[in-house]
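# Structural overview for review
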Amino acid sequence: MSDIEVGLRLKADNDGLVRGVKKSRDEIEKFGNETEQAGRQASRASSQIDSVERSISSIKTTTLGFGASLAGAFALRDISNYADQATLIENKLRDVSESTEALEVAQKALLQVANETRTEFASSVDLYATLQRNARSLVETDQELVDIVKTVNQSFALSGTEAAAANAAIVQLSQGLASGTLRGDEFNSVAEQAPEILNAVAKYLKVTKGELREMAAEGQITARVVVESLASAADEIDARFSKATATIEQSLTVAKNNLTAFIGEQDEALGVSESLT
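So, here's what we can say about the structure. (Residues numbered from 1 in each chain as written. Predicted model: local features only at pLDDT ≥ 70, side-chain atom pairs only at ≥ 80, totals over all residues. Heavy atoms only, no water.)

### A word on the overall build of the chain
Within the chain, the regular secondary structure consists of 13 helices and zero strands. If you list the helices and strands of the chain from N to C, you get α-α-α-α-α-α-α-α-α-α-α-α-α. Across the 277 residues in the chain, those meeting the buried criterion constitute 37%. Partitioning the contacts of the chain with sequence separation of at least 6, the portion at a separation of at least 24 is 70%. As presented, the chain carries roughly 16,100 Å² of accessible surface, and 51% of it is formed by carbon and sulfur atoms. (Helix = DSSP H or I, 4+ residues; strand = E, 2+ residues; numbered from the N terminus. Buried < 20%, exposed > 50% of the residue type's maximum accessible area, 1.4 Å probe, protein only. Contact = heavy atoms within 4.5 Å. Areas by Shrake-Rupley, 256 points an atom, 1.4 Å probe, with all protein chains shown as cover.)

Shown next as structure tokens:
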């Protein structure tokens with residue numbers, strides 16, 4: 001190979017190398033620009049996450065009053081669920097309250113009743129809201145409806161009904177009252193899970209259990225009958241309930257009630273739910 005040929009080949013190879021280096025440099029610069037842009041986006045997302053985490057951290061820190069180990073076990077999803085439950089409860093009460101003051105009074109009273117009767121806060125609110133819509137004209141004050149909720153909750157507890165079954169039966173009772181009469185599936189559910197309620201109704205009407213079932217089939221167990229029966233039996237049921245000892249499950253229900261109310265208050269103050277939307 002002549003010197004000229006060698007020189008030409010070296011020049012060609014050098015030109016290719018230069019082009020390769022230039023192409024690599026361009027790719028590196030492009031990658032760097034894309035990385036910088038992604039970094040800016042990640043930084044913005046991180047800032048938003050940090051904001052939410054600071055709010056959640058604030059709730060966790062305050063919740064330490066309920067127990068460090070319990071608060072430490074809380075995840076974002078747990079707190080979010082409690083906050084949502086508190087929001088749903090407030091919405092239901094707002095729908096049947098004439099003012100903010102009435103809402104706050106009812107909410108406080110129902111939380112107290114739920115805890116005293118070791119019943120789920122949400123189901124107590126559901127029953128109260130149903131009574132407000134369908135039985136408010138039968139009593140003089142809102143407190144009387146709260147008292148009826150208390151008697152119903154105590155009746156379920158005296159019947160030995162587990163929390164989940166009691167909550168389901170309270171929903172059935174609420175549906176029956178909403179329809180105007182306790183009959184069909186609603187009657188059967190209450191008869192199975194809370195016979196104390198039907199005992200009170202039978203005693204008030206002075207009929208047997210068999211006759212009571214016939215009356216239910218005929219639509220004669222109205223909201224008025226249920227309300228008046230429970231009001232009549234309230235003292236007796238309360239006296240019996242006061243002798244009962246709380247189960248572990250019931251104690252946990254009370255703890256959950258308090259957490260729902262507490263986290264709801266913190267959520268409203270700190271705006272955590274808004275941060276997550």
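After that view, the rundown keeps rolling.
### Describing unusual backbone geometry
We note that Arg118 has phi near 55°; this positive angle belongs to a residue other than glycine. Mapped onto the secondary structure, Arg118 falls in the loop between α4 (100-116) and α5 (121-135). By relative accessible area, Arg118 is classed as buried at 16%. With phi around 60°, Lys206 is a residue other than glycine that occupies positive phi space. If you trace the backbone, Lys206 turns up in the loop between α9 (195-205) and α10 (209-217).

### So, the packing of helix α8 (residues 184-193) against α10
Packing of α8 against α10 leaves a shortest axis separation of 10 Å and a crossing angle of 155°. With respect to α10, the element α8 is oriented roughly antiparallel. Note on packing geometry: the crossing formed by α8 with α10 is right-handed. Where α8 approaches α10, its residues Phe187, Asn188 and Ala191 are matched on the opposing element by Leu212, Arg213 and Ala216. Broken down by class, the residue content of the contact of α8 with α10 amounts to four nonpolar, one polar and one charged. (Axes fitted to C-alpha atoms, helices over the stretch in contact; angles between N-to-C directions. Parallel < 35°, antiparallel > 145°, perpendicular 65-115°, else oblique. Left-handed = near helix turned anticlockwise from the far one by under 90°. Nonpolar A, V, L, I, M, F, W, Y, C, P; charged D, E, K, R; others polar.)

### Points about helix α7 (residues 163-179)
In this model α7 runs 24 Å from its N-terminal to its C-terminal C-alpha over 17 residues, within 8% of the 24 Å that 1.5 Å per residue would give. Residues of α7 that are buried: Ala166, Asn167, Ala169, Ile170, Leu173, Ser174, Gly176 and Leu177. Contacts from the buried residues of α7 go to α5, α6 (142-158), α8, α9 and α11 (223-241). Of the residues trailing α7, Gly180 is marked for its positive phi of about 105°. (Expected span 1.5 Å × (residues − 1).)

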